[in-house]
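Okay, here's what each chain looks like letter by letter:
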Number of protein chains: 2
Amino acid sequence: MSEPKKVLVLGAGYGGLMTAKGLAKQLSSSEAEVTLVNQNSYHYFTTELHKPAAGTSHHDHTRVEIASLLPRSVKFVQDRVKAIKLEEKKVELEGSNEELSYDYLVVGLGSAPETFGIKGLLENAYFIRNIDSVRRIREHMEYMFSRYADEKKDELITIVVGGAGFTGIEYVGELVDRIPELCRYYDIPEGKVRIVNVEAAPTVLPGFDEALVKYAVDYLSSKGVEFKISTPIEECTEEGVILKGGEEIKSATVVWTGGVRGNKVVEDSGIDTMRGRVKVDELLRAPGHENVFIVGDCSLMINKENDRPYPPTAQMATQQGQQLAKNLASFIRGGEMKPFVYEPKGTVASLGKRVAIGVVGSKKLTGGLAAFMKKVIDLRWLYLLGGIGLVLRKGKL
Amino acid sequence: MSEPKKVLVLGAGYGGLMTAKGLAKQLSSSEAEVTLVNQNSYHYFTTELHKPAAGTSHHDHTRVEIASLLPRSVKFVQDRVKAIKLEEKKVELEGSNEELSYDYLVVGLGSAPETFGIKGLLENAYFIRNIDSVRRIREHMEYMFSRYADEKKDELITIVVGGAGFTGIEYVGELVDRIPELCRYYDIPEGKVRIVNVEAAPTVLPGFDEALVKYAVDYLSSKGVEFKISTPIEECTEEGVILKGGEEIKSATVVWTGGVRGNKVVEDSGIDTMRGRVKVDELLRAPGHENVFIVGDCSLMINKENDRPYPPTAQMATQQGQQLAKNLASFIRGGEMKPFVYEPKGTVASLGKRVAIGVVGSKKLTGGLAAFMKKVIDLRWLYLLGGIGLVLRKGKL
């Protein structure tokens, strides 16, 4: 009998976790040795980060220990990936001198903020990116609110959200829920707080159904959110943002949600990338590298219906991971791989705790019903990840 | 029948509140018109501020709305005192053009931090002073801890407490309770956090019983607190503190508890002051002003036993207010005033939630029993302030 194949999975996001779990389920340890590398001991729910960022939920509700999710047959290494050495079939880690070798590599290293070259953004804005970054946004915002009592400067309680895509709108929705509580806590009159959502595109939630977009904008506006559409940010400074045309909004808290790009480690590996993302083939392989698979935000797939890239979503990453695990298991046993076809199940954007908008199947949903569907979707991920036990531990309806 | 006498009480701290409440209880509205001026709508418990400063209790547990404490016969004005015009018998307010006139003035405007001329302290340190300032300390500290995850700089999780008097030691005690919780929340190993208590005097808690001081230092040291005694702070910078001798401690959070001085408004009024405090006579009158009474931290009384000033405490202010109310009521009715004699009931310093040290009567207490007595003392103030109703609402054993 031959040696077990070495499968190395980089990143425990939606794509990486689904791949590692699926492989462990389908292959025995004599067929494959599966190793998962992740910089944190935990997986976090990227789609939920807007809540701890606003302070409407504890960040611990947004993460789960990886060790509790994996079967013992998967080896877990907590470390950061430093470099991928394609020719040597090895991966270099930051914390260890030993390199990890592989027969098959699965790259699911996620994304980094895309700043589109906006001056000062990386230095002065906050990003909804991971547990550390959203915990920091929350603490920063609360600290600014606490200073208002003494200093009475309006910029301390002015929040600028850059980007009105999915994350931006969901974050604004959470803020709308949180501000009244913050105002009570810090003795600030509610009318003093400003939430300004700035978007360069001509609409909020580009690509989303128009009636649903109107519902979202009407709802959030009724709660006091100011929208500045078709308005690119020219510069982010220590004092706030300067918009195209010259208007300055003074703000101590600028949160950028305007887009993501792929991972720098992938760019540096020598694989062809576009904004750090790899245009994969239908088997999710990197071009020219038959043993390297890319899942999640690092991968780029074209939607043939409109000839544009699919947006990077948890749903996409999850389906990719599930399919890749099946394909790799089959291939290692000498079988065939099947082309990956994305099957969109629908999309729901929450606007705080009680309201949402969405499309599920062919149905448009708004309000409380949509908010309920959002919960169902969240619970489904918990179920895929850790079965009914995790749903009971982490799920909140 | 003559006009009612106008009694104007400035400040709703322990002294001012007790005076206003006592007067309203003892005199009818045809005898006196009592007005209480305070910058906030609430009274706060100065002796409890170390808890919200550390984050071990919500700041709302440390304050109570003044309107809920006063009988209707007392007129409450929420404003800041701008100036006391002794010759005109008037008080100028910041928010109103109308001046308040008085026949009798009671000044209980509290204290301000005393920095002893230490360079950079006012600009760079935090002060345990009022609700706004402690809420800010808490938020600042938490924000620094949240940044540690990204930046890994030790100064972010190094807290320097200047002064090892009552407030300093009680604050350090609360921090010792809080740090493990913060470390869990921010994913920081507990051993990384430093609490350094710096004191210029040759002992912690100067004036306190030696055996009790040893108990406190041993307990807090066992929890990891570093004490630097006989060590004046030379300078406080944006980076931390520089100690006498040149040692620098890098710290993002320097909290100064080293002492208080009287109120600037009192200094500016023309009354003789020493560090902003007025050396009152035995009827609590300002020297040379028979109708002006000073209570609480603005007053200075000499302890004849050791010929040194009594430290400004809530206990002192409360007793002064109670006695002054009786004296003024009697005087307005044409009776006598009795000399004020301070009767120390004892002192308990908490070291977190479960441990304390103290002297009550002639008994030395340590540990849990002392902690219990501290609670009793806190509840007694609630009882004096608002009766059993307030004890039930705000008291927590």
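Quick caveat, the model's predicted, so the values are computed rather than measured. Along each chain, residue indices are assigned from 1 in the same order as the chain's sequence is written. A letter from A marks each chain and a number from 1 marks each ligand, given out in the order of writing. Residue-level local features of this predicted model are given only where pLDDT is at least 70; pairs of side-chain atoms are given and counted only at 80 or more, and the full residue set underlies all totals for whole chains, interfaces and linings.

With respect to the overall build of chain A
Okay, step 1: Helix and strand labels come from DSSP, where a helix needs a run of H or I of at least four residues and a strand needs a run of E of at least two; each type is numbered from the N terminus. Looking only at helices and strands, one finds 9 helices and 28 strands in chain A.
Okay, step 2: Projected onto the principal axes, the alpha-carbon positions of chain A cover approximately 75 × 40 × 40 Å.
Okay, step 3: Contact between two residues is assigned when their C-beta atoms, built from the backbone, lie within 7 Å. Taking the intrachain contacts of chain A between residues at least 6 apart in sequence as the baseline, contacts between residues at least 24 apart amount to 64%.

Structural notes on the pairing of strand E2 (residues 32–38) of chain B
Residue and element names in this part refer to chain B.
Okay, step 1: Using C-beta atoms placed from the backbone, we call a residue buried if 20 or more other C-beta atoms fall within 10 Å of its own, exposed if 12 or fewer do, and partly exposed for counts in between. Most of E2 is tucked away, with 5 of its 7 residues classed as buried.
Okay, step 2: We call two strands paired when DSSP finds no fewer than two bridges between them. The pairing of strand E1 (residues 5–10) with E2 spans 6 bridges and is parallel. Counted as the bridge partner of Val7 is Val34 from E2.
Okay, step 3: Here the term right-handed applies to a crossover when the path leading from its first strand over the helix to its second strand runs clockwise, the strands being oriented away from the viewer. Traced from E1 through helix H1 (residues 14–26) to E2, the parallel crossover comes out right-handed.
Okay, step 4: Pairing between E2 and strand E5 (residues 75–78): 4 bridges, direction parallel. By the bridge assignment for E5, Leu36 is matched with Phe76.

Focus: the sheet that holds strand E21 (residues 285–286) of chain A
Residue and element names in this part refer to chain A.
Okay, step 1: With respect to topology, 6 strands assemble into an open sheet ordered E5-E2-E1-E9-E22-E21, the strand pairing being mixed. This sheet does not close on itself; its edge strands, each paired only once, are strand E5 (75–78) and E21.
Okay, step 2: By the bridge criterion, 3 bridges tie strand E9 (residues 104–107) to strand E22 (residues 289–294) in an arrangement that is parallel. Paired with Val107 across the strands is Ile294, a residue of E22.
Okay, step 3: Relative to strand E2 (residues 32–38), helix H1 (residues 14–26) is tilted by about 160 degrees, and along the sheet it contacts strand E1 (5–10), E2 and E9. Axis definition: a line fitted to C-alpha atoms, limited for helices to the stretch in contact. Angles are taken between N-to-C directions and run from 0 to 180 degrees.

Structural notes on the sheet that holds strand E27 (residues 356–360) of chain B
Residue and element names in this part refer to chain B.
Okay, step 1: Spatially, 3 strands are ordered E26-E27-E28 in an open sheet, and the strand pairing comes out antiparallel. The open sheet has two edge strands with one neighbour each: strand E26 (346–350) and strand E28 (363–366). On average, each strand axis in the sheet is inclined to that of its neighbour by 10 degrees, with strand direction left out of account.
Okay, step 2: Where helix H6 (residues 210–222) meets the sheet, its contacts fall on E27 and E28, and the angle it forms with E28 comes to roughly 5 degrees.
Okay, step 3: Packing against the sheet, helix H9 (residues 367–394) makes contact with E26, E27 and E28, and its axis sits at approximately 65 degrees to E27.

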